[in-house]
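Examining the three-dimensional arrangement
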Amino acid sequence: ARWLSRRSDGRLYAEAVPLSRIARAVGTPFYCYSAGALRQNYAALKAAIAASDVSICFAVKASSNVNVLAELARLGCGMDIVSGGEMARALAAGTPPERIIFSGVGKTRSEIRAALEAGLHQLNVESAAELEVVASVARETGIRAPIALRVNPDVDARTHAKITTAKKDSKFGIAIEEIPAIYAAASARAELKMVGLAVHIGSQILDLSPFRDAWAALADLVRRLRAAGLGVDRLDLGGGLGIGDDRHAGPDLAEYASIIAETVGDLGCALNVEPGRWLAGRGGALVSEVLYLKEGDGAPIAVIDAAMNDLMRPALYGAQHPVLTAEAPRPAGKDAACRLVGPVCESSDDFGKYEGLGTILAGDFVVFDNAGAYGAAMSSTYNSRDLVPEVLVDDGQFRIIRRRTNISDALKLEEPESWLAGDDP
Ligand code: LLP
């Protein structure tokens, strides 16, 4: 069942709660998430890849609210983190450290130390230089570091250029031809425990064939390393599984599972994936109120109270989210489409034109679907706007899981400290 549905009273419901009811209770804009959808998305993926015994680590960056993480952790989901802040969130959500993987190209020394002390499952290391720092922290703390090397397989994920991560010129990972020497040298060091390899080729991938190319290259590499007498026990297959919308079909999970089985299924490695969008994207929406209507070129313009700082994806990637009205749509007037724009003083604060909304009036609520991933998590306070509340719906109930920030919160952070002399002590 879809988490958003229009019922016979004409209203749009999140599970069993009308979105207009939440809008009146908490004010707009706000993010709304469905606990049921998180559970359903997790269960569907888990079941699809069960045959290859693949474990799932949620990419925390996609939706980092600790309450969202706790919903997933309760299901047995692990976490893929990229900062000390995300580590703290994953642990606060009750994720056991042995289910947490630390990815990312720029881990600091103190983040590495915190990860080792917490006893995380694995660090995915992205350069020879980072490996040296991990080794040095491991010696310092006396904690042996479990390491996977992130491989850059030189594969084009054929998705938006800004979310492609595994072409040769990418900043991510270690070039595939450099891996054997680095892996061998690292395996000889007592402070490092080389456990395997990781890849992540990009995001919002709907045509799954790039996964096949990347994982086949990974499997080849495993065979070469083993032939050289090196142990490779784990493979982290990355995230990137896209989600469908009203214009694009979603990925075929059975095909995803069979690509895993065919490429890496017979290596005897422990496997995991790191989906962000797939778990959280289709269970979240941004709800906004229409402030003003104005004449536009070809389509009327509705100025809404949500902006690019709340949902950055349209401005940053040209992404279009499916848009619905919270109440039954009125019949369309002479214009089929309506253009939605935000209040921020930038031309790119423009969500684009949408059809099927009917006649929009001030006071209407518009709903951006598929915004549960990389929505609130990427938001900012640009134009001194508040961070909007996040609301979690579970069946017939809802609650605020992050309150709206206010300007006093912001001004408090800006209380000046005392002047320090500019010359070195
Ligand atoms: N693993 C690693 C190492 C990653 O860098 C990412 C995402 C993921 C997993 C999860 O990818 P997913 O399954 O969510 O596609 N802000 C962009 C997406 C950036 C993704 C960055 N890395 C967007 O809004 O489309």
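Quick notes on the rules
- Residues numbered from 1 in each chain as written.
- Predicted model: local features only at pLDDT ≥ 70, side-chain atom pairs only at ≥ 80, totals over all residues.
- UniProt positions renumbered as here; feature names shortened; annotations may be inferred.
- Helix = DSSP H or I, 4+ residues; strand = E, 2+ residues; numbered from the N terminus.
- Contact = placed C-beta atoms within 7 Å.
- Axes fitted to C-alpha atoms, helices over the stretch in contact; angles between N-to-C directions.
- Parallel < 35°, antiparallel > 145°, perpendicular 65-115°, else oblique.
- Nonpolar A, V, L, I, M, F, W, Y, C, P; charged D, E, K, R; others polar.
- Domains from an automatic or database assignment.
- Pairing = 2+ DSSP bridges.
- Left-handed = near helix turned anticlockwise from the far one by under 90°.
- Near = placed C-beta within 6 Å.
- pLDDT = per-residue confidence, 0-100.
- Buried ≥ 20, exposed ≤ 12 C-beta atoms within 10 Å, placed from the backbone.
- Right-handed = clockwise from strand over helix to strand, strands pointing away.

The name given to the protein chain in an unreviewed UniProt entry is Diaminopimelate decarboxylase, with the source organism recorded as Rhizobium lusitanum. As recorded by UniProt, the Function (unreviewed entry) comment attached to the protein chain reads in full: "Specifically catalyzes the decarboxylation of meso-diaminopimelate (meso-DAP) to L-lysine."

Turning our eyes to something else, we now look at the UniProt feature "modified residue: N6-(pyridoxal phosphate)lysine" (unreviewed entry) in the protein chain. Listed under "modified residue: N6-(pyridoxal phosphate)lysine" (unreviewed entry) in the UniProt record, and renumbered for this structure, are Lys61. Tracing the backbone shows Lys61 in the loop between strand S5 (54–59) and helix H3 (66–74). Setting aside chain neighbours within four positions, we find Lys61 in contact with Val82, Glu86, Gly276 and Ala377.

With that settled, consider the packing of helix H4 (residues 84–92) against helix H5 (residues 109–118). For the pair H4 and H5, interaxial distance at closest approach is 10 Å and the crossing angle is 25 degrees. As summarised for this structure, H4 and H5 are arranged roughly parallel, according to the angle between their axes. In this structure, H4 contributes Gly84, Met87 and Leu91 to the contact, and H5 contributes Glu111, Ala114, Ala115 and Ala118. The residue inventory of the contact of H4 with H5, partitioned by class, reads five nonpolar, one polar and one charged.

Domain annotation for the protein chain reports domain 1 (4–32 + 281–412) and domain 2 (64–275). The straight-line distance from the C-alpha centre of domain 1 to that of domain 2 is 34 Å. Counting residues per element, the ones that place at least two in the side of domain 1 that touches domain 2 are helix H11 (313–317), strand S20 (390–394) and strand S21 (397–402).

Here the focus is the sheet that holds strand S1 (residues 4–6). The three strands are arranged S1-S2-S3 in an open sheet whose pairing can be described as antiparallel. Each having just a single partner strand, S1 and strand S3 (17–18) make up the two edges of the open sheet. Here S1 pairs with strand S2 (residues 12–14) via three bridges, running antiparallel. Opposite Arg6, over in S2, you have Leu12 as the bridge partner.

Relative orientation of the contacting elements helix H2 (residues 35–48) and helix H9 (residues 253–264) amounts to 40 degrees, with a least axis distance of 9 Å. Our classification of the angle between H2 and H9 gives oblique. The way H2 lies across H9 gives a crossing that is right-handed. On H9, the residues touching Ala44, Leu45 and Ala48 of H2 are Leu253, Ala254, Tyr256 and Ala257. Considered class by class, the residues forming the contact of H2 with H9 number seven nonpolar, no polar and no charged.

To continue, consider the site of the ligand. Around the ligand, the structure places 21 residues, and the nearest of them are Ala59, Ser203, Gly239, Gly276 and Tyr374. Looking at side-chain class alone, the shell around the ligand contains nine nonpolar, eight polar and four charged residues. Counting residues domain by domain, the shell around the ligand receives three or more from each of domain 1 (4–32 + 281–412) and domain 2 (64–275).

Taken residue by residue, the protein chain gives an average pLDDT of 97. The fraction at 70 or more is 100%. This prediction of the complex comes with two scores: 0.97 for pTM and 0.99 for ipTM.

Of all seven residues making up strand S11 (residues 192–198), six are buried, and the element is well covered by its neighbours. Bridging between strand S9 (residues 145–152) and S11 involves six bridges; their strand directions are parallel. Within S11, the residue paired with Arg150 across the bridge is Ala198. With three bridges joining them, S11 and strand S12 (residues 234–236) adopt parallel strand pairing. From the neighbouring strand, Leu197 faces S12, where its bridge partner is Leu235. Handedness of the β-α-β unit built from S11, helix H8 (residues 209–227) and S12 comes out right-handed.

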